[in-house]
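# Summary of structural features
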Amino acid sequence: MKYLEDYDVTEEQIEIIKNVLEESDVDEDIFIYSPEKVCKILDLFKGIGVNNIFNVIVTSPAMFYDTVSSIKARLDSYGNNEELAKLINEDPYNLSIVDLI
Amino acid sequence: MNTVELLNKKIEELKSKINNASPDVLPEQQQIINNLLIIDVALDALTFEDELLSDEDKFLNYNFEGVISLLSGYEEKVEKLNKVIRDVKTIISMKKDGEYSGAYSQNQTKQLTDFIKELQSFKEELTEELKKTNNNEDTELLMLELESLRDEMSSSKKRKNITFDMAEALYTGYDILNADPKEVEDLFEDLYLLQGGRVRKVVQRADFNAVLKLYKEFVSPEKIELFEGLLNKYRDEITANIDLDNARAILKFFKEVNILDLFERKTLLNISLYGDSEYVKTIYEKIYSNPNKDKEIYFQDILSSVWICKERRRKKPSSGTRRKNAETTKIKSLASECFNFTYNDFEKNASILAENIDVLDIKNPQVFGAHLRDQCLSSEDIEKNKEIINYMNDNTGRFRKNILIGRALSLGQKYKIPVSFFKGDAEEKLHLSVELGLLNPPITSEFLKYEEEIDLVDRFNDNHPGENIRNYYSRFMSKIVNLSKEDYDNLFLQLHDLGPKEFYKGFFSSKKAGEGSNKYKKSLDDIERLVANKFVKDWYSAYINNYDRYDLDISDYNEYISYSNDIPKGYYDEDILDDPLIQKLEERHCVVDRFNENGKIKEEKNSSVYLFGNTIISRLKVLKNASILRNKYGYLNEDMFLSSIVRNSYLTEESFQNIYDEAYERSTTL
């Protein structure tokens, strides 16, 4: 899961993510063996201006079961990427605005 | 060689193999183990379901006498068993000769069940003896396996698979005894042939280098490095289960139809490991026959089972791990995600979830149709709990707004019911959670007020720096709905002993919902004892006339609903609210909540609870139970009324007495 460091997630935060995955019953293997998909999803968030990727992961780890296109459609549904990113940066629970929690 | 001769031969082989299995096992232990296994074979031959022999010919043809006579040192028991067998065979012969017709009499049925009981009790005796002679850990483990085997056999539904289970237990036993598993693998095949002539592919470990070579041939170079990591992680399971020719055929097919690279690594591994090359083609055609279908989902990590699982009955691949290897047993097997739902299950789940997306906590019904596997939930579970879903749909907003933890999340977020709520008996969980004060609690001075909840949230933040509080509660919510019966025992005890405020504090601050307060740690035995001491839930029948009958009426109705396609739309009969007893109950025990919403104090009737002093009773439960009983009998008397209120509730003697007094003072007090 070292690739998450490219998204400004620290080593310490990766450990927290592992714990969160275990507690939330989200399969850690997704993050270990499907990095391309995880990166595509995280790139969607970075692409619209979300900068706290760690919070996005721990707030909605089950989201990574979803497909990339489905998540993209949800982000697009808001209609204003800049504002949405601002809301998610302020409070990752705002992912629920686009039904991602 | 006929079946009986084959069976005897097989037993001799079993004895011989076990006798030679390990020098660590004492001769007397070997004898006991032999006898246990012989009984397993005899029980295996006796298929007895629904109080009738399901296959009388099979029973007649099996040489039970021969099997039992192989046992040594238990002459008296053998004689008794032989007598029962002779009697039963006589009955069957009479039936076949037309000298007797119709169903077995009670006495005859009893003889048959006695026979099984005799064998099972004999097994228990032998197991006890084995315990006494046990002098090392390995034998203890073997004994546990044999006990587990016996438990399996006590379930008639599983008896059809007993040969497989038996073989698996034997495999573990051999493993523990350091015997060569190859010998057992041969035995598996023989046992399967003996069972019904079915040939089953035996477990043989594949060469890991050949496995690596196969995937290197098909997986793209940029993906192979991580793929090798995956193969290494699950090496034991893969080598124990893979059929290289079958895997190659699957990979080749995916390559031919240009979808090989679309699969996530683990999905591809799962399908090539456990899939069937022909079945995979069928699923591909189903998916691709609809040009409008979104296909991306079928390649995700969670959808392996769609490509693999042919029927609802889960097969049992070998974990490939040794009991002694603690490290490897910690890994969740690949098989655990491969046989949970079929393509049709998934499609049905997704469609049912899509229909209920407004009330359930789901985002993408397709994803969560698959994600249900983690909740062990099936479309049948959803159907079974359709009443409750309908009820929630009809009460839009009410539940969402008033879930205690939902309110702790606050700030106008929407609150939906986690899908896992519908795992198992959602109805009972719904009522118990209401009575525990976790769902729609009455907002009165005795219970937590909105402001106090927020205070708890703030306190939690101080204790858990760095963790997103809302994320924590989201996950916590799904834990609540997975509470087990034992958890409820523990939580009701805590509520009783600590009082509501302390109980909620402990409940919120514990990581596992079922644990509750860390000030209250009890063993399971203690909890069972304390529940029996402090609550009178097991004694309602002693106080209420015909309680057992009414209890059964309600169970029967719920059971009927579970399997009926004709599921009523409403949760309870609206007419029941016109019943005089219920009307009085509504007048006296309904609660009006006062709460702060956007800075304004609002008042609203709480539709979920009746409050008797400090005791919460689920209003929905009472109304539904009363509806069932009144519909069945055409009226609702005090006994039915009281049964409807107290059924399944954790009531202290004092609470019960109060409710009891009120119920029987119908014309005056109530």
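A short tour of the structure in this document, coming up. All of these numbers come straight from a predicted model, not from anything done at the bench.

### Digging into the overall build of chain B
Helices and strands together make up the secondary structure of chain B, namely 34 helices and 5 strands. Looking at the 670 residues of chain B, the share that counts as buried comes to 54%. Sequence-distant contacts in chain B: of pairs separated by 6 or more residues, those separated by 24 or more amount to 73%. Accessible area of chain B: about 30600 Å², with a carbon and sulfur share of 46%.

### Focus: the side chain of N637 of chain B
All names here are of chain B. With respect to the element layout, N637 can be found in the loop between α32 (619–633) and α33 (638–646). Judged by relative accessible area, which is 17%, N637 ranks as buried. A distance of 3.0 Å separates the side chain of N637 from the backbone nitrogen of D639, its partner in a polar contact. Not counting residues within four places of it along the chain, the set of residues in contact with N637 comprises Y550 and L581.

### So, the packing of helix α31 (residues 580–589) of chain B against α33 of chain B
Any two packed helices are characterised by how steeply their axes cross, that is the angle between the axes, and by the distance between the axes. All names here are of chain B. For the pair α31 and α33, the least separation of the axes is 10 Å and the interaxial angle reads 45 degrees. In terms of axis orientation, α31 runs oblique to α33. In the crossing of α31 with α33, the sense of the turn from one axis to the other is right-handed. Contact residues: α31 offers L581, I582 and L585, while α33 offers E638, F641 and I645. Here the contact of α31 with α33 is composed, by residue class, of 5 nonpolar, no polar and 1 charged.

### Concerning helix α34 (residues 653–663) of chain B
Residue and element names in this part refer to chain B. Those residues of α34 lying buried are S655, F656, I659, E662 and A663. Seen end-on, α34 carries its buried residues on one side only, within an arc spanning 130 degrees. Summarising the geometry of α34, the exposed residues directed more than 90 degrees from the buried face are E653 and E654. Buried residues along α34 sit against α29 (540–543), α31, β4 (600–612), β5 (615–618) and α33.

### Regarding the pattern of salt bridges
Opposite charge on two side chains allows them to pair when their charged atoms are near. Applying the stated criterion to the full structure yields 18 salt bridges over all chains. Here D27 of chain A and K266 of chain B are joined by a salt bridge, their closest N and O atoms 2.7 Å apart. One end of the pair, D27 of chain A, is in the loop between α1 (11–24) and α2 (28–33); the other, K266 of chain B, is in helix α14 (residues 265–274), on a second chain. By relative accessible area, D27 of chain A is classed as buried at 18%. For K266 of chain B, a relative accessible area of 2% translates into the label buried.

### So, the packing of helix α13 (residues 244–256) of chain B against α14 of chain B
Residues and elements named next belong to chain B. Packing of α13 against α14 brings their axes to within 7 Å, and their N-to-C directions diverge by 130 degrees. Taken together, the axis directions place α13 and α14 in an arrangement best described as oblique. At the point where α13 passes α14, the crossing takes the right-handed sense. Here N246, A247, I250, L251 and F254 of α13 come into contact with α14, specifically with L268, I271 and S272. Taken together, the residues of the contact of α13 with α14 break down into 6 nonpolar, 2 polar and no charged.

### Structural notes on the environment of K252 of chain B
Residue position: K252 of chain B is located in helix α13. Residues K252 of chain B and S277 of chain B lie 25 residues apart in sequence; the distance between their C-alpha atoms is 9.5 Å.

What counts and what doesn't
- Residues numbered from 1 in each chain as written.
- Chains lettered and ligands numbered in written order.
- Predicted model: local features only at pLDDT ≥ 70, side-chain atom pairs only at ≥ 80, totals over all residues.
- Heavy atoms only, no water.
- Helix = DSSP H or I, 4+ residues; strand = E, 2+ residues; numbered from the N terminus.
- Buried < 20%, exposed > 50% of the residue type's maximum accessible area, 1.4 Å probe, protein only.
- Contact = heavy atoms within 4.5 Å.
- Areas by Shrake-Rupley, 256 points an atom, 1.4 Å probe, with all protein chains shown as cover.
- Polar contact = N/O pair within 3.5 Å; in protein donor to acceptor, adjacent residues only side chain to side chain.
- Axes fitted to C-alpha atoms, helices over the stretch in contact; angles between N-to-C directions.
- Parallel < 35°, antiparallel > 145°, perpendicular 65-115°, else oblique.
- Left-handed = near helix turned anticlockwise from the far one by under 90°.
- Nonpolar A, V, L, I, M, F, W, Y, C, P; charged D, E, K, R; others polar.
- Arc of directions from axis to C-beta.
- Salt bridge = Lys/Arg side-chain N within 4 Å of Asp/Glu carboxyl O.

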